[in-house]
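# Working through the structure, step by step
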Amino acid sequence: YGNFEVPTDGNKTHTYKLELYFPNQDYDQNIEQQKQINAYVAVVNIDNNMLLPYNKTKGVNNPVLFTGMTPVKWDDSFNEIETNQYDSDWYDYNNKKWANAKTADGSYWVWVPRYAYKITNGYHSSTAGTIDVVFLKEDTIENESSTTIETTGYVYNVKDTAMHHFLHPAFETEGSELGFWVAKFEPTADESVATITGTCDEADNVSTKTVKIIPKATSWRCITNSNAFDAVLNMKTNPVYGWEPEEVDPHLLTNLEWGAVAYLSKSGYGADAEEIWNNAFYQYRTGCSGEGVDASSEETCVAYNTTNGQKASTTHNIYGVYDMSGGAYDRVSAYVDNDNENLAANGQSILNALDKYKNIYEAGTEDTRPLNYEANKNVYGDAVYETSSTGEDLTSWHGDYSYMPHASNPWFNRGGTFSYGTIAGPFGFYLSAGAANVSISFRPGVRCAS
C-alpha cells in the first residue's frame, strides 16, 4: 500500500516495491522458482482517516479488522452489502450505525470502540437513567470535546460515575485498549444444536462444537460455564473463521464487556431513551423480536431485518447487538468468590484462567444477595450497582431483574429469557450455579491478541 497527494504541477511518478512471501511448508520450495505469478495494482480514492487507529472525521477509533473479517452494511431495504475498510459509509456512530463485520464462516460481529462515560441521571436507582458517552482517541483519554476523564480513584458516593466521566474499565483489559468485537447474536453451533426446548441433550454440553454467530438459528444452550468458556477459546485456532491465531483473543464475554455494550446502547449513540424490545420467540431463535417491547413467550419470530425486528437491537436499527433482552440468558465470565463448590464444579476453566478473562466479585461478611451486592459497590462499568437500587427483586433500570449471585449460585447470568417480558433486559443480572441449563446460552467477544 502507498498513498500520496494529487500533484498540482503535472504528472508525478511513484515507485513501489512488491514483495511476495511464501509460508513455510514441509517440502523443498525451490520447485516454485520460475513460476508465473499474476497480480494487479489498484488505484483507489480513499479517506485516509479510515486507515488510522483513530478516525478524526468520525470521532471514534476505527475497528480493528482481523484477517478473514469482511465489513458489512445494509441498504434501506435491509439487504446486506459486503464492503471494505475504506468505505466511509461502513459505520457512523453519530447516527447509531455501529460497525459490523463477518468472519470467513459467516459469523457476525459488532465493534465497541473505546469510550468514557458518566451516568447523568438514575445512578444507583431503579429508575432508567441517561448515560453520556465520550469516545476516546486510540489508547488515550484524549477526546474531541476536551472532557476531563478519570481513570482511577472510583469510590461510591465520593468520586463515582454520577459525578465524573470515567474511562470504561472494559477498555483497560489487555487487547481491548482500542475497542473489542462482540458477537452480534447469541451463538449457535455449526454442527447443529441438539436441544430446542424441554430437557437438555448431553450432546450440547461439550466444548468441541464450532461456535457460529448468525441470525435465525437455535441458540446453543445446555452447556456449563467451563465448556462455554473453552468452546470460545477454541475459536482462536479454528481455521473456519479465517483469522490468524496470533492476531486474535476470542473469549467468553465478561461482565464488564456486557456492561460496555449496555451503556453504549443507553447513550445517544444507541437506542438511548428507547427500551430494547424482547426476543420473545419461545424456541430460542437468535435475532428475533416480539410484537412489542415487553412481549413474552410468543410463537412468532419477528426477524432481525424487519422494521420491528430491529427494535430488539442495542441501536433500534439493524447495526446493533441482538438477544441482549430475552431469548436465552447469557452466561458471562464473572462470579462471586465465595468458595462454593459450584465454582469449581461448573467453571473450573474460568477459575484457572488469567484475570483478563474474568471478573471476580467479593462475597460479603455473610454470603447473602444484599451483602454481596453492597460489598461490590465500588465496581463500575458492569451494569450492576450503578444501574440498580438493590441486589434483589426487580430494581434494575427498566424494571429488569436484580438478583446478586450468592451461596450455591455464585455465577452471573445476563439478559433474561423469552418468557420474562418486562423484567428482561441488558441491565438485568441474575444468579446461577453455572450448570448446563435449557434456558442459558453465552456470548463470545474478541480482542486483539497481546
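Since the model is a prediction, treat every value here as computed from it, not as a measurement.

The rules behind each value
Residues numbered from 1 in each chain as written. Predicted model: local features only at pLDDT ≥ 70, side-chain atom pairs only at ≥ 80, totals over all residues. Heavy atoms only, no water. Pairing = 2+ DSSP bridges. Helix = DSSP H or I, 4+ residues; strand = E, 2+ residues; numbered from the N terminus. Contact = heavy atoms within 4.5 Å. Axes fitted to C-alpha atoms, helices over the stretch in contact; angles between N-to-C directions. 1 Å grid on protein atoms, 1.4 Å probe; cavity = no way out; pocket = protein on both sides within 12 Å on 5 of 7 lines; lining within 4 Å. Points joined across faces, edges and corners; volume = space filled by probe spheres on them. Buried < 20%, exposed > 50% of the residue type's maximum accessible area, 1.4 Å probe, protein only. Salt bridge = Lys/Arg side-chain N within 4 Å of Asp/Glu carboxyl O.

## Some words on the sheet that holds strand S7 (residues 115–121)
Pairing in this open sheet of four strands is mixed, and the strands run S8-S7-S10-S9 from one edge to the other. Of all strands in the sheet, those with a lone pairing partner are strand S8 (130–135) and strand S9 (149–150), marking the two edges. Sheet topology note: the S7/S8 ladder contains six bridges and is antiparallel. Looking across to S8, one finds that Ile-119 is bridged to Ile-131. Here helix H2 (residues 255–265) sits on the sheet and contacts S7 and S8; the angle it forms with S7, its principal contact strand, is near 60°.

## Thoughts on the layout of surface pockets
Of the voids in this model, the second largest pocket is the one considered here, and its volume is about 210 Å³. Around the second largest pocket, the lining residues are Thr-173, Thr-254, Leu-256, Glu-257, Asp-355, Lys-356, Lys-358, Asn-359, Ile-360, Tyr-361, Val-379 and Arg-447. Within the residue set of the lining of the second largest pocket, elements represented by two or more residues are H2 and strand S16 (359–361). Sorting elements by how many residues they give to the lining of the second largest pocket places S16 first, with three residues.

## Let's talk about the pairing of strand S6 (residues 108–113)
For S6, a buried count of six out of six residues is recorded, marking the element as mostly surrounded by other parts of the structure. On S6, burial covers both faces: Tyr-108, Val-110 and Val-112 on one face and Trp-109, Trp-111 and Pro-113 on the other are all buried. Across three bridges, the pairing between strand S5 (residues 100–102) and S6 is antiparallel. Bridge pairing in S6 links Ala-101 to Trp-109. Between S5 and the antiparallel strand that follows it, S6, lie five residues; Gly-106 among them carries a positive phi value of about 95°. Both S6 and strand S11 (residues 179–183) contribute to a ladder of five bridges, which runs antiparallel.

## Some points on unusual backbone geometry
With a phi angle near 55°, Cys-222 is a residue other than glycine that sits in the positive phi range. Since its relative accessible area comes to 1%, Cys-222 is described here as buried. Backbone geometry places Ser-297, a non-glycine residue, at a positive phi of 50°.

## A word on the sheet that holds S6
Strands sit in the order S4-S3-S5-S6-S11-S20-S14 across an open sheet of seven strands; the sheet is antiparallel. Because the sheet does not close on itself, it has two edges, and the strands there are strand S4 (80–82) and strand S14 (248–252). Each strand axis lies, on average, 35° off the axis of its neighbour in the sheet, ignoring direction. Of the strand pairs in this sheet, strand S3 (residues 70–74) and S4 are connected by three bridges, and their pairing is antiparallel. Within S4, the position partnered with Lys-73 by the bridge is Ile-81. Helix-sheet contacts for helix H1 (residues 225–233) involve S14 and strand S20 (444–448), and the interaxial angle to S14 is about 165°.

## A word on the pattern of salt bridges
Evaluated as defined, the whole model comprises 16 salt bridges. Put simply, Glu-144 and Lys-56 hold a salt bridge, and the shortest N to O gap is 3.6 Å. Remark: Lys-56 occurs in the loop between strand S1 (54–55) and strand S2 (60–61) and Glu-144 occurs in the loop between S8 and S9; sequence separation between them is 88 residues. Glu-144 gets classed as partly exposed once you look at its relative accessible area, which sits at 41%.

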